[in-house]
Protein chains: 2
Amino acid sequence: MAPPPPPPPPSEQPATAAAGAAEAGLISKVLIVMAMEAEAMPLVHNFKLVEAPADESTFHKGAPWLRYHGNYKGLHIDLVRPGKDTVYGVDSVGTLPAALLTYSSVQTLKPDLIVNAGTAGGFNAKGAKVGDVYLASDVAFHDRRIPIPVFDMYGVGARKTFGTPNILKELNLKAGKLSTGNSLDMSPKDEEMIRSNDATIKDMEGAAVAYIADMFSTPMIFVKAVTDIVDGEKPTAEEFLMNLITVTATLELAVVKVIDFISGKCLSDL
Amino acid sequence: MAPPPPPPPPSEQPATAAAGAAEAGLISKVLIVMAMEAEAMPLVHNFKLVEAPADESTFHKGAPWLRYHGNYKGLHIDLVRPGKDTVYGVDSVGTLPAALLTYSSVQTLKPDLIVNAGTAGGFNAKGAKVGDVYLASDVAFHDRRIPIPVFDMYGVGARKTFGTPNILKELNLKAGKLSTGNSLDMSPKDEEMIRSNDATIKDMEGAAVAYIADMFSTPMIFVKAVTDIVDGEKPTAEEFLMNLITVTATLELAVVKVIDFISGKCLSDL
């Protein structure tokens, strides 16, 4: 048996705290997936992330997807967003861009943990209020109705998220089930499915990000701040736009606290 | 000015008809995207395609996606399908797997043309009958309602397909607009959007495949065979399952005719 190799000289030791963390079993690489520029940019600035140049990107050049990266408190953070639709110029919200972007990012970046952060609608009947921040315990779809046995369950695609009891307790966040669909409004059929999903919050990306996270067996958590009350008096689109800026600041604070909590910890500590 | 290099000896000339076709400006590589095993396998056998081994795949190993390939009448054909959902064991129908599979396939295979073939619901009010085969002139989504200016149009995501007047005429196929959503059934809200999309046929993948084709600036055509009449008497799921086998045979014939027509032609000949 050969003797163990001597420790490397300081100059050859891992250059970043992130690399050192990985060796100790600590969470090293976090991928934050966000949908809207207004939600993402405060965090990009807060974490002092820099935009990855397009010519170094592994994303297809025809995709408007953007990546920002940097080191923060011993973690390597990649924050990705789907960017502006190349035809209509608005944020590429919804399940398709979220899933494609997450697939491409996880395949190349191999994160230890995926954080999908964003705004959501909340249900007053389940105790949600504007400005509340939730960690989703479960995710499912509410707009994939396939009334054939087994296909029906595939359509709903219910998944448990990665359990984070310590984050919930320490940061005093709310827990609730998340239901995902491609519409900002809610049709009667959507409402029926959301009730059947027992959801407290409703977004347009979560379950799609979870589908990809499961494909790669990567733990995933969902931080969602409530911009509008779906079962309230005001029209969703109006309330969403009115509260977007304020609630985005609340979301930013919550995500920073979650990332601060994650720093220096193992997955089992969350 | 140097003299032109002499022609390569026969042994160094392009080994396959497909490579030769590419040099002559002819369509060389066709990617066929299908959703269900029952729709795909007759074509795999008809074109004598072989399954690409998993260990040579560029697809992520956690994805159940399958690729079959081979040469047929001077074309290189790759036929891909999303495979069985790893949790529920049913065909991975719907927009997410179709978009992800198409993205991954186009990125690595760089086809000259994408053919999305499959079954669809048809509208009696627009002249569709069970067994009709359509080439979609336009695609759009009917379950992405975002009632904010510009976001609303992004949600619908209407796109023109690649124009194929000669295929339509020669093969005597029908032309109509295709509307895509993740549900097999049709809610009143879906119906409203489908009417607004002026659709004759309704499927669960088309507009998602078109989104990716546009991202890569790859021409795309949609061959859809009608399994059920959405505005008819019978429940969609029942009629769909009853007609799936028969209509799949019709679809197979139509796709073979389309591929035969494409063989030896340029894009501008279609």
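Everything numeric in this text was worked out from a predicted model, so none of it was measured.

Reading the values: the criteria
- Residues numbered from 1 in each chain as written.
- Chains lettered and ligands numbered in written order.
- Predicted model: local features only at pLDDT ≥ 70, side-chain atom pairs only at ≥ 80, totals over all residues.
- Heavy atoms only, no water.
- Helix = DSSP H or I, 4+ residues; strand = E, 2+ residues; numbered from the N terminus.
- Rg over C-alpha atoms; globule rule 2.2 N^0.38 Å.
- Buried < 20%, exposed > 50% of the residue type's maximum accessible area, 1.4 Å probe, protein only.
- Contact = heavy atoms within 4.5 Å.
- Areas by Shrake-Rupley, 256 points an atom, 1.4 Å probe, with all protein chains shown as cover.
- Salt bridge = Lys/Arg side-chain N within 4 Å of Asp/Glu carboxyl O.
- Buried area = accessible area lost by both parts, 1.4 Å probe.
- Nonpolar A, V, L, I, M, F, W, Y, C, P; charged D, E, K, R; others polar.
- Pairing = 2+ DSSP bridges.
- Least-squares fit on C-alpha atoms with pLDDT ≥ 70 in both.
- 1 Å grid on protein atoms, 1.4 Å probe; cavity = no way out; pocket = protein on both sides within 12 Å on 5 of 7 lines; lining within 4 Å.
- Points joined across faces, edges and corners; volume = space filled by probe spheres on them.

### Concerning the overall build of chain A
Consideration 1: Counting its regular elements, chain A contains 8 helices and 10 strands.
Consideration 2: Compactness check: chain A gives a C-alpha radius of gyration of 19 Å against a globular reference of 18 Å for 270 residues, within 12% of the reference.
Consideration 3: Seen through its principal axes, chain A has C-alpha atoms that stretch 70 × 40 × 40 Å.
Consideration 4: For chain A, the proportion of its 270 residues judged to be buried stands at 59%.
Consideration 5: For chain A, long-range pairs separated by at least 24 residues make up 73% of all intrachain contacts whose partners lie at least 6 apart in sequence.
Consideration 6: Here chain A displays about 11100 Å² of accessible surface, and carbon together with sulfur accounts for 57% of that area.

### Topic: the pattern of salt bridges
Consideration 1: Scanning the model with the defined rule gives 29 salt bridges over all chains in all.
Consideration 2: Between Asp 190 of chain B and Arg 145 of chain A there is a salt bridge, with its nearest N and O atoms 2.9 Å apart. With Asp 190 of chain B in helix α6 (residues 188–196) and Arg 145 of chain A in the loop between β6 (133–141) and α4 (151–156), this pair bridges two chains. Accessibility assignment for this pair places Asp 190 of chain B and Arg 145 of chain A in one class, buried.
Consideration 3: Here Lys 84 of chain B makes a salt bridge to Glu 37 of chain B, at a shortest N to O gap of 3.0 Å.

### A word on the interface of chain A and chain B
Consideration 1: Taken together, the contacts link 53 residues of chain A with 53 residues of chain B.
Consideration 2: Both sides together, the interface formed by chain A and chain B hides about 4500 Å², and carbon and sulfur atoms give 66% of it.
Consideration 3: When the buried area of chain A at its contact with chain B is split by residue, Tyr 88, Leu 96 and Tyr 154 of chain A rank highest and sum to 16% of it.
Consideration 4: If you look at where chain A meets chain B, you find 4 salt bridges.
Consideration 5: Asp 185 of chain A is the salt-bridge partner of Arg 145 of chain B, the closest N and O atoms lying 2.9 Å from each other.
Consideration 6: Sort the elements by how many residues they give to the side of chain A that touches chain B and helix α3 (residues 95–109) of chain A lands first, with 8 residues.
Consideration 7: A per-class count over the side of chain A that touches chain B returns 33 nonpolar, 11 polar and 9 charged.

### Quick notes on the pairing of strand β5 (residues 113–122) of chain B
All names here are of chain B.
Consideration 1: Burial analysis of β5 places 10 of its 10 residues in the buried class, which makes it a mostly covered element.
Consideration 2: Pairing analysis gives 4 bridges linking strand β1 (residues 29–33) to β5, with the strands arranged parallel. Within β5, the residue paired with Leu 31 across the bridge is Ile 114.
Consideration 3: Of the pairings in the sheet, the one linking β5 to strand β9 (residues 201–203) comprises 2 bridges and is antiparallel in character. Looking across to β9, one finds that Gly 122 is bridged to Ile 201.

### So, the relation of the copies chain A and chain B
Consideration 1: Screw-axis analysis of chain A against chain B gives a translation of 0.0 Å along the axis, an RMSD of 0.0 Å, and a rotation angle of 180 degrees. The transformation just described matches what one would write down for a two-fold rotation axis.
Consideration 2: With an isologous cut-off of 70% or more, the 100% of interface residues of chain A that recur at the interface of chain B puts this contact in the isologous class.

### Brief notes about empty space enclosed by the protein
Residues and elements named next belong to chain B.
Consideration 1: A full pass over the atoms with the stated rule returns 4 cavities of 30 Å³ or more.
Consideration 2: Each pocket or cavity is described by its volume, and for the largest cavity that value is around 270 Å³.
Consideration 3: Residue lining of the largest cavity: 24 residues in total, with Met 36, Thr 119, Leu 184, Met 204 and Phe 240 positioned closest to the centre.
Consideration 4: Sorting the residues of the lining of the largest cavity by element identifies β5, β9, β10 (220–229) and α8 (236–262) as the ones contributing at least two each.
Consideration 5: Of the residues contributing to the lining of the largest cavity, the split by class is 12 nonpolar, 6 polar and 6 charged.
Consideration 6: As a volume, the second largest cavity reaches approximately 70 Å³.
Consideration 7: Each residue belonging to the lining of the second largest cavity can be placed in one class, and the counts come to no nonpolar, 7 polar and 6 charged.

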